[in-house]
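If you want the building blocks of each chain, they are given just below.
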Amino acid sequence: MAPVGGTAVQDHVALAEIELCGELIIAASAAQERLSLESIDEVLKVAEERDSARR
């Protein structure tokens, strides 16, 4: 039940995880076969995160 006063708490980490799960679901539903690990990394932008962490 939502608090009375309309105060909404946002968990930005949880929201980001939900968005990533949605992206994976979309990619999986559009794929002809199982997603490879490389495809999953691409959807999750893992390489981009690694590259920006190195800088």
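Rules of the game
Within each chain, residues carry numbers counting from 1 in the order of the written sequence. Per-residue local features are limited, in this predicted model, to residues with pLDDT of at least 70; the limit for side-chain atom pairs, both in listing and counting, is 80 or more; totals at the level of whole chains, interfaces and linings are taken over all residues. Based on all heavy atoms of the structure, the side-chain values leave hydrogens and waters out of the count. Scored between 0 and 100, pLDDT is the confidence that the predictor attaches to each residue. Helix and strand assignments follow DSSP, with helices taken as H or I runs no shorter than four residues and strands as E runs no shorter than two, numbered in order from the N terminus. In this analysis, axes come from line fits to C-alpha atoms, helices being fitted only over the stretch in contact, and the angle between any two N-to-C directions falls in the range 0 to 180 degrees. Angular relationships are summarised with four words: roughly parallel below 35 degrees, roughly antiparallel beyond 145, roughly perpendicular across 65 to 115, and oblique for the angles in between. Put simply, a crossing is left-handed when the front helix is turned counterclockwise from the back one by less than a right angle, and right-handed when it is turned clockwise. We call two residues in contact whenever any of their non-hydrogen atoms come within 4.5 Å of each other.

### Topic: the confidence of the model for the protein
Move 1: The share of residues in the protein with pLDDT of 70 or more is 75%, and the mean pLDDT across the chain is 84.
Move 2: Taking the mean pLDDT of every element in the protein, the minimum, 72, falls on helix 3 (residues 46–54) and the maximum, 94, on helix 1 (residues 12–30).

### Looking at the packing of helix 1 against helix 2 (residues 37–44)
Move 1: Contact geometry of helix 1 with helix 2 gives a least axis separation of 9 Å together with a crossing angle of 135°. By the angle between their axes, helix 1 is oblique relative to helix 2. Crossing handedness for the pair helix 1 and helix 2: right-handed. Taken together, the residues of helix 2 that come into contact with helix 1 (itself represented by L20, E23, L24 and A27) are I40, V43 and L44.

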